[in-house]
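# Remarks on the overall topology
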Amino acid sequence: MVPKNRIQEILSEYDPEEITIATLCSHTALQIFHGAKKEGFKTLGLAVNQNTKFYDAFPLAKPDEILRFNSYDEFITKSKELTDRNVIIIPHGSFVEYMGTKRFEQMEVPTFGSRQVLKWEESRDSQREWLESAGISMPKRIADAKDISEPVLVKYNGAKGGRGFFIAKDFMEFKMGIDLSEESYTIQEYVLGTRYYLHYFYSPIKQSGYRVGNGSLELMSMDRRDESNIDELYKLGSTEELKKHGMFPSLVVTGNIPVVIRESLLAKVFEMGESVINRSYELFGGLIGPFCLESIVTDHLDFKVFEISCRIVAGTNPFTSGSSYSDMTEPGMSTGRRIAREIKDAIAAGKLSEVVS
Amino acid sequence: MVPKNRIQEILSEYDPEEITIATLCSHTALQIFHGAKKEGFKTLGLAVNQNTKFYDAFPLAKPDEILRFNSYDEFITKSKELTDRNVIIIPHGSFVEYMGTKRFEQMEVPTFGSRQVLKWEESRDSQREWLESAGISMPKRIADAKDISEPVLVKYNGAKGGRGFFIAKDFMEFKMGIDLSEESYTIQEYVLGTRYYLHYFYSPIKQSGYRVGNGSLELMSMDRRDESNIDELYKLGSTEELKKHGMFPSLVVTGNIPVVIRESLLAKVFEMGESVINRSYELFGGLIGPFCLESIVTDHLDFKVFEISCRIVAGTNPFTSGSSYSDMTEPGMSTGRRIAREIKDAIAAGKLSEVVS
Amino acid sequence: MVPKNRIQEILSEYDPEEITIATLCSHTALQIFHGAKKEGFKTLGLAVNQNTKFYDAFPLAKPDEILRFNSYDEFITKSKELTDRNVIIIPHGSFVEYMGTKRFEQMEVPTFGSRQVLKWEESRDSQREWLESAGISMPKRIADAKDISEPVLVKYNGAKGGRGFFIAKDFMEFKMGIDLSEESYTIQEYVLGTRYYLHYFYSPIKQSGYRVGNGSLELMSMDRRDESNIDELYKLGSTEELKKHGMFPSLVVTGNIPVVIRESLLAKVFEMGESVINRSYELFGGLIGPFCLESIVTDHLDFKVFEISCRIVAGTNPFTSGSSYSDMTEPGMSTGRRIAREIKDAIAAGKLSEVVS
């Protein structure tokens, strides 16, 4: 991990009038650049093997410049190219995944948010420790496949994007479905209900709104992930029948659909966000900026959270120009723009080092 | 029922420059306050046991003041606290449900819309009488479970929010599913098709647009209700298979998804709204303001309406800042804001007593 | 086909200050008129047997005038009524379907876009020739039903709007499902995945953005079609079980839901659009204006395109006021408005004959 004071040293040499917002050209980059431009920042796209021609189609989101690297290692070895441009990097899910947590931690470039959060988010065990100790209800975990007595979701720990995850209703189905070539897996209660991906933003410096700790919690938007092939598989027949034809459900994220939740559940939505933030300060100095609780609402209107993402999620992409929630805070505010606004506010308040690391 | 002249007496003492829009802090309250503030009204949140801290997160929707009561009875006994503030109450589904129709009728505070509609909306029988006599096609009702010969939906009359409703394809399945501890139930044809919740607004005072009677009909937006656990149950397997594992579908509303309908069906959408309004004037002096027809479109493009809601529905919540429909009437118009606009227009025209009761 | 020089002759007599945008009152007409009015055009609604009263409800989209014809033949015989008004017709799916390709080709009124495209779009064979030769991957076609060895979709060539299409998993199911009274059908691999209807706009005259040929390609929005009864059928039980009750899935489009796609798939989205445009110039002089690739994304994140629509599609209707994509090109830009903008830009550049035919 780059020590905090190294980042502060770099920041102290930055020209606050010339800050450049940079991110990897994938995932939520369009939204991040779009928001940064609206807030008046310079923007820099970073690419390794990403095709970036399509950014031309979106002049209000296209970064001012695109810098291409040969590998993710160069984010480490060529970091001076970035700091020379007064770059603040905005991490997103693909950025962290492609870099790998280890390399990301070593990058000597200021990044928005906390780097401490990475190791807590990395494993399902530490996520569970954090969330459950914050009072969040999660799907039960089943240690031994022989104990499966109700529907479970089996997730391979190494799997990318949901391929190979499967649902089993008993040990027999588990044995039928399991791929023994995969190193390890997790078995988790399959909670029946509807999914809501809750997009929060926590500002440690905002002094109004829904106060949490010394800062303020916002709800930006909500989506439902769209997963191939499970979301349309049912049209062909029952999963039981399809298995006979060698077809199995998979959970690969392909897109997102906007949703809203019952207003009477919003109090709980905020309480969960508040607990997660408070606990993050106790555990590792605090989660900063956007995060997402991936939840299921049961037919008893209880929440079960199956995952936390500690940065901007792709589910915010339907809301480039605001959502029915953020419009009640400030019209036209996307999560991407909110990040840029936070950096702008932090610079104005002389608190930039509180929101980057 | 509070007599009309009692309400008019109260209204006559109101200062038209100081009207306060109030509603119960749940359901669609954020949207109602957001709209009222946009139209320049004072706003008052009413709460019994609702947690209202999260309203802090939405400064553009947070009511100017929140008034807490110990019970719903106090809306009756302490009504002077409200009328002293020149309050007009906006009813929504949860408000009416928690108060109960009887108490709601007795409340000596001006409420937006017609109170006569409450008793027509209250029972499935009177809803059916109203809608069918207006020429609206509804799912058939089956009087005797032994006559079930095609898929039916069995709804308990006392059930809250859809829990315990179930689908049966024949008498056998009915017997398997029925909970005999429930007092009464309704059996209704299960219509195959896609659901559209049509959000209308009827103004008795607007003199332009799509004219109905002496007023004007608008289409604000459409949604699809998101129901737990039925909307994601299919991922686990067929309902037949799941029953073996003791898992049954339920229909508890958890949220809403925005939709639009084929443009060629809009003529029929308006004709249905028009008939419902015209018939409401014949039956009880007229439905005023927002209402929703909850419909299914079959694969022959026929509408079947399974319910009417006679006030703002939660399905309007995705449209805080307007919808693809209302944007063609006036940009940025939500149903919540439309209510406030109607009150404003009525005040300006000296017709407030025509839109409140 | 009306010769190009006949259309140019008509255009040469038009007053460029008095151009009127006209379309048939159905499908996407509200959006087209709404957009045309925003861009400052006169608007004319065309109706044969369409009920148009509901246009009154949308003053920002209601055409300035509505002209009623007794039959679709009158679009041919009374074309002078249109050209006298300096009309440019915007074709949409229903317009072309109701007129029929033959009559549409003969109409001596300038229409937006290319008429050459009609014969390429008309049959599944020529669509496949065009798309596959452009490098687009499509679902396999099965020539002989006896060869069905995996799920297929059987489409009747004469069927309207998806009724009667069915899914079969083997020859047995094909025999059970096939309606021998229908003249002809196509059997096509049923691709498992999630559907994305990609709404593009190609301008042959725009000189910036994502350059393709001499013009520029834009991504306007995306939707998922909502089909009755298949989208809600699963709630009742498995398709296998439902067949026993005489209930079969159908694919009749009733509406649309907004979606977004993974950002990492956008490069491919643009490459596909680019190939289709480039190939269209090689084959028939070019596709102009809005078009839609109707695609499935598999769990390997591959695209399979099952159809192309070569004009504005109803899936753009959720985006009357812009989408999360078009907002990054120009805020508030719908496909309907983009068409009007293209005509306006073409007039200003003296290139109207390049975008109408």
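These numbers come from a predicted model, not from an experiment. (Residues numbered from 1 in each chain as written. Chains lettered and ligands numbered in written order. Predicted model: local features only at pLDDT ≥ 70, side-chain atom pairs only at ≥ 80, totals over all residues. Heavy atoms only, no water.)

### Considerations on empty space enclosed by the protein
Worth spelling out the cut-off: Points on a 1 Å grid over protein atoms alone make up a cavity when a 1.4 Å probe fits among them but cannot get out, and a pocket when they form an open set with protein on both sides within 12 Å along at least five of seven lines; lining residues each have an atom within 4 Å of a point. Grid points are joined across faces, edges and corners, and a volume is the space filled by probe spheres set on the points. Secondary structure counts use DSSP, requiring at least four H or I residues in a row for a helix and at least two E residues in a row for a strand, with both numbered from the N terminus. In this classification, the charged set is Asp, Glu, Lys and Arg, the nonpolar set is Ala, Val, Leu, Ile, Met, Phe, Trp, Tyr, Cys and Pro, and all remaining amino acids, among them Gly, are polar.
For the structure on display, the rule yields 11 cavities of 30 Å³ or more. Counted as a void, the largest cavity has a volume near 510 Å³. Considering the residues around the largest cavity, the lining is formed by 28 residues, among which Ile-257 of chain A, Tyr-234 and Ile-257 of chain B together with Tyr-234 and Ile-257 of chain C are closest to the centre. Mapped by element, the contributors of at least two residues to the lining of the largest cavity are β11 (215-229) and α10 (230-233) of chain A, β11 (215-229) and α10 (230-233) of chain B together with β11 (215-229) and α10 (230-233) of chain C. A class-by-class count of the residues in the lining of the largest cavity yields seven nonpolar, no polar and 21 charged. Its boundaries defined by the atoms lining it, the second largest cavity holds a volume of some 180 Å³.

### Things to note about unusual backbone geometry
Just so we agree on the cut-off: Each residue is placed in one exposure class: buried if its accessible area under a 1.4 Å probe, protein chains only, is under 20% of its type's maximum, exposed if it is over 50%, and partly exposed if it falls in between.
With an omega of 0 degrees, the peptide bond running from Ser-228 of chain A to Asn-229 of chain A counts as cis. Tracing the backbone shows Asn-229 of chain A in strand β11. Backbone geometry places Leu-301 of chain A, a non-glycine residue, at a positive phi of 60 degrees. With respect to the secondary-structure elements, Leu-301 of chain A resides in the loop between β14 (289-297) and β15 (303-309). At His-27 of chain B, a position not held by glycine, the phi torsion is positive, near 70 degrees. Inspection of the secondary structure puts His-27 of chain B in the loop between β1 (20-24) and α2 (29-38). With relative accessibility at 13%, the residue His-27 of chain B sits in the buried group.

### Some details on the domain arrangement of chain A
Residues and elements named next belong to chain A. Applicable threshold: The source of the domain bounds is an automatic or database domain assignment. Two residues form a contact once any of their heavy atoms are found within 4.5 Å. Put simply, buried area is how much 1.4 Å-probe accessible surface two parts lose in total, over both of them, once they are put together. We define a salt bridge as a side-chain nitrogen of Lys or Arg found within 4 Å of a carboxyl oxygen belonging to Asp or Glu.
Each domain of chain A was delimited in the assignment, giving domain 1 (4-111), domain 2 (121-137 + 193-229 + 255-355) and domain 3 (141-190). The C-alpha-based centres of domain 1 and domain 2 are spaced at 22 Å. Contacts between domain 1 and domain 2 engage 24 residues on the former and 23 residues on the latter. Overall, the association of domain 1 and domain 2 removes approximately 1900 Å² of surface from exposure, summing both partners, and the carbon and sulfur fraction of that is 62%. The interface formed by domain 1 and domain 2 holds three salt bridges in total. Here Glu-39 makes a salt bridge to Lys-344, at a shortest N to O gap of 3.0 Å.

### Regarding the interface of chain A and chain C
Using the following cut-off: Polar contact is defined as a pair of N or O atoms within 3.5 Å, subject to the rule that within protein one atom must be able to donate a hydrogen and the other to accept it, and that residues adjacent in sequence are counted only when both atoms are side-chain atoms. Two strands pair under a simple rule: DSSP has to find at least two bridges between them.
The interface of chain A with chain C comprises 47 residues on the first partner and 49 residues on the second. Taking both sides of the interface into account, the surface hidden between chain A and chain C amounts to around 4000 Å²; carbon and sulfur atoms contribute 59%. Area buried by chain A at its contact with chain C is led by Glu-232, Lys-235 and Leu-236 of chain A, which between them contribute 17% of it. Summed over the shared surface of chain A and chain C, the number is five salt bridges. Measuring nitrogen to oxygen at the nearest pair gives 2.7 Å for the salt bridge that ties Glu-232 of chain A to Arg-195 of chain C. At the boundary of chain A with chain C, the tally comes to 24 residue pairs in polar contact (both at pLDDT 80 or more). Elements represented by at least two residues in the side of chain A that touches chain C include exactly α2 (29-38), β11, α10, α11 (239-244) and β12 (251-258) of chain A. The leading source of residues in the side of chain A that touches chain C is β12 of chain A, at seven residues. Of the strand pairs in this sheet, β12 of chain A and strand β13 (residues 260-261) of chain C are connected by two bridges, and their pairing is antiparallel. When the bridges of β13 of chain C are listed, Gly-255 of chain A appears paired with Ile-261 of chain C.

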